[in-house]
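Each chain is listed here by its residues.
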Amino acid sequence: MAPSTAPDSNASATIKIGTRQSALAQIQARAVEQQLKDAFPDRTYKICPVLAQGDKDKVTPLQQLSQGENAKSLWTGELESMLEAGDLDIIVHCLKDMPTQLPDNLALGAILEREDPRDALLISPRLPSGTQLSTLPEGATIGTSSVRRAASLRRVYPHLNFADLRGNVGTRLGKLDAEDSKYSAIVLAAAGLKRMGLEHRIDQYLSSDSGGMLHAVGQGALAIEIRKNDEAMIEILSKIRCERSTRACSAERALLRALEGGCSVPIGVETTWRGGKNLSTGAQPAKDYDKHGNAVEEAEPDMDDQELVLKTLVVSVDGKESVEYETAQKVRSAEEAEAMGREVAKILIEKGADKILEKISAEKQWAAKKQLEETKTTS
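Remember, predicted model here, so these are calculated numbers, not experimental data. (Residues numbered from 1 in each chain as written. Predicted model: local features only at pLDDT ≥ 70, side-chain atom pairs only at ≥ 80, totals over all residues. Heavy atoms only, no water.)

Participant: Quick question: what am I supposed to make of the confidence of the model for the protein chain here?
Facilitator: Do not read the predicted coordinates in detail wherever pLDDT is low. Residues with a pLDDT of 70 or more make up 79% of the protein chain, whose mean pLDDT is 86. Predicted confidence for residues 5-9 stays below pLDDT 50, and this span has nine contacts to residues more than four positions away or in other chains. With pLDDT under 50 throughout, residues 56-72 is counted as low confidence; its partners more than four residues away or in other chains account for 37 contacts. (pLDDT = per-residue confidence, 0-100. Contact = heavy atoms within 4.5 Å.)

Rendered as structure tokens:
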């Protein structure tokens, strides 16, 4: 793609990119900065790291932090305040951390090409090489702070135990690798590990066909938040957005919004495209090559002629109750994808997903209160 001329009347102004302070967040922000530089090399850019509320508080259980209104600003609140004030021009988010309802004067400006959306299992170095979920010993403990991940795995592997695990990727790996670690394995997003150059630590990719695990809504995708009606920024971002990922993620987010409206709801999804190369939405279709190694164009049918396949799973915390549904439709725009997501939400509710989610909400509040009391007692 040839470099573009930015449409902004203030084309000499530095574009300030907001991000969380973690190492992974800054890697992601730099990746977005590079895409913008490739599209608009004449512009200047500045990455502005900010410590989010969810990163500040390492003591309060995540379930407690993510209750009620707090869930909406746990990872985004400080950054959004700066965006509203004009101290930032864009914010780079992991889409899975973005609430489905944004502040009235802010908007989702673009979804970029999605990395691998699957979850990944990392096995303790103390266990034999080649160990996977199915061969973990009875009573083995898996570390995760995600209700969705623990519930999904309990459904298929009721003999395993689960323990809360928070911190950035490096911290979690350190806890897994420690000689006295209580964890036999941990579960992390494959996308983050790949972006950090840690793909070699992945022992098993988890999916509907491997471990019975569906990923979180928006997982693997980077999203750019902007001020609503910032037409110049919308035009700039149009050069780096990914239509394929946008349609898939729009269906996922509409489903989540219709069911509950918060990013902490334990709903698993899996989106693929049928009619082309049937690759996960985490990757663009690979090019075909001739015998000389040259890329052969027109290897992939038009996206409008393919079907978006959406698998969904809602599981109770103990893994004993679940509702599943799978459908496939042609979606020729993000709006059609959103309509598909809403339709699937209605079907899940008809199948009893709302009752499971209501029970989970009550259980999370009780567990968070109990855990907070225990933390205060021991501190």
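The discussion continues.
Participant: It is not clear to me how unusual backbone geometry should be interpreted in this structure. Could you clarify?
Facilitator: Where the residue is not glycine, phi is negative for most of them; where a peptide bond is considered, it is trans in most cases. Within the chain, Asn229 stands out as a residue other than glycine whose phi angle is a positive 70 degrees. Mapped onto the secondary structure, Asn229 falls in the loop between strand E10 (222-227) and helix H9 (231-237). Using a relative accessible area of 61% as the deciding quantity, one classes Asn229 as exposed. (Helix = DSSP H or I, 4+ residues; strand = E, 2+ residues; numbered from the N terminus. Buried < 20%, exposed > 50% of the residue type's maximum accessible area, 1.4 Å probe, protein only.)

Participant: I keep staring at the nonpolar core and nothing clicks. Help me out?
Facilitator: Grouped burial of nonpolar side chains is what soluble globular proteins tend to show. If you look at the biggest cluster of nonpolar residues, it comprises 24 residues, and the most contacted ones within it are Leu255, Leu259, Ile267, Leu308 and Leu348. Those elements that provide at least two residues to this core are helix H10 (243-259), strand E11 (267-274), strand E14 (307-315), helix H11 (334-350) and helix H12 (353-378). Those residues in contact with Leu259, other than ones at most four positions away along the chain, are Ile267, Ala345, Leu348, Ile349 and Leu357. Among the nonpolar cores identified, the runner-up in size contains 19 residues, and Val32, Leu36, Leu112 and Ile226 belong to it. (Core = buried A, V, L, I, M, F, W, Y, C linked by side-chain atoms within 4.5 Å.)

Participant: Sorry, what's going on with H10 here?
Facilitator: For an α-helix, the turn length of 3.6 residues means that residues three or four places apart are oriented alike. The end-to-end C-alpha distance of H10 is 24 Å, a good match for the 24 Å that 17 residues give at a rise of 1.5 Å each. Counting buried positions along H10 gives 14 out of 17 residues, so the element sits mostly inside the fold. (Expected span 1.5 Å × (residues − 1).)

Participant: Can you help me understand the pairing of strand E15 (residues 322-329) in this one?
Facilitator: When a strand is regular, its side chains alternate between the sheet's two faces. Relative to E15, E14 runs antiparallel, the two being bridged by eight bridges. When the sheet's bridge partners are listed, Leu308 is paired in E15 with Gln329. Count of turn residues in the E14/E15 antiparallel hairpin: six residues, of which Gly319 carries a positive phi of about 80 degrees. (Pairing = 2+ DSSP bridges.)

Participant: Any chance you could explain the state of the cysteines here in plain terms?
Facilitator: Note on terminology: disulfide describes a covalent bond linking the sulfur atoms of two cysteines. Scanning all chains against the criterion turns up zero disulfides. Just so you know, Cys242 is unpaired, no disulfide at all, and the nearest cysteine sulfur is the one on Cys249, 8.7 Å from it. (Disulfide = S-S within 2.5 Å.)

Participant: What am I meant to see in the sheet that holds strand E3 (residues 90-94) here?
Facilitator: Either a parallel or an antiparallel arrangement is found when strands of a sheet pair, and the pairing is made through backbone hydrogen bonds. A sheet is described by the order of its strands in space; here five strands give the open sequence E2-E1-E3-E10-E4, paired in mixed fashion. Strands with a single pairing partner mark the edges of an open sheet, and in this sheet they are strand E2 (45-50) and strand E4 (106-111). Across this sheet, the average inter-strand angle for adjacent strands is 30 degrees, counted without regard to direction. Sheet topology places strand E1 (residues 15-20) next to E2; six bridges connect them, and they run parallel. Each residue of the ladder has a partner; that of Gly18, found in E2, is Cys48. (Axes fitted to C-alpha atoms, helices over the stretch in contact; angles between N-to-C directions.)

Participant: Looking at this model, I keep getting lost on helix H7 (residues 169-177). Mind explaining?
Facilitator: For H7, the set of buried residues is Val169, Arg172, Leu173 and Leu176. Considered in projection along H7, the buried side chains sweep an arc of 100 degrees and stay on one side of the axis. Close packing links the buried residues of H7 with helix H1 (23-39), strand E5 (119-123), strand E8 (185-189) and helix H8 (190-195). If you check the start of H7, you find a side-chain oxygen 3.2 Å away from the backbone N of Gly170, and it comes from Asn168. (Arc of directions from axis to C-beta. Polar contact = N/O pair within 3.5 Å; in protein donor to acceptor, adjacent residues only side chain to side chain.)

Participant: Honestly, the pairing of E11 in this entry has me stumped. Any pointers?
Facilitator: When you tally the buried positions in E11, you get seven out of eight residues, the bulk of the element. Taken together, the eight bridges between E11 and E14 define a ladder with antiparallel strand orientation. In the sheet register, Arg274 faces E14, and the bridge partner there is Glu307.

Participant: I keep staring at the pattern of salt bridges and nothing clicks. Help me out?
Facilitator: When the charged atoms of two side chains lie near each other, side chains of opposite charge can form a pair. Taken as a whole, this structure holds 17 salt bridges when the rule is applied. Ionic pairing is found between Lys194 and Asp116, a salt bridge with its closest N-O pair at 3.1 Å. Within this pair, whereas Lys194 is found in helix H8, its partner Asp116 is found in the loop between E4 and E5, the two being separated by 78 residues in sequence. Salt-bridge contacts for Asp119 lead to Arg148; the nearest nitrogen and oxygen are separated by 2.9 Å. With a gap of 29 residues between them, Asp119 in strand E5 and Arg148 in helix H6 (residues 147-156) connect regions that are remote in the sequence. (Salt bridge = Lys/Arg side-chain N within 4 Å of Asp/Glu carboxyl O.)

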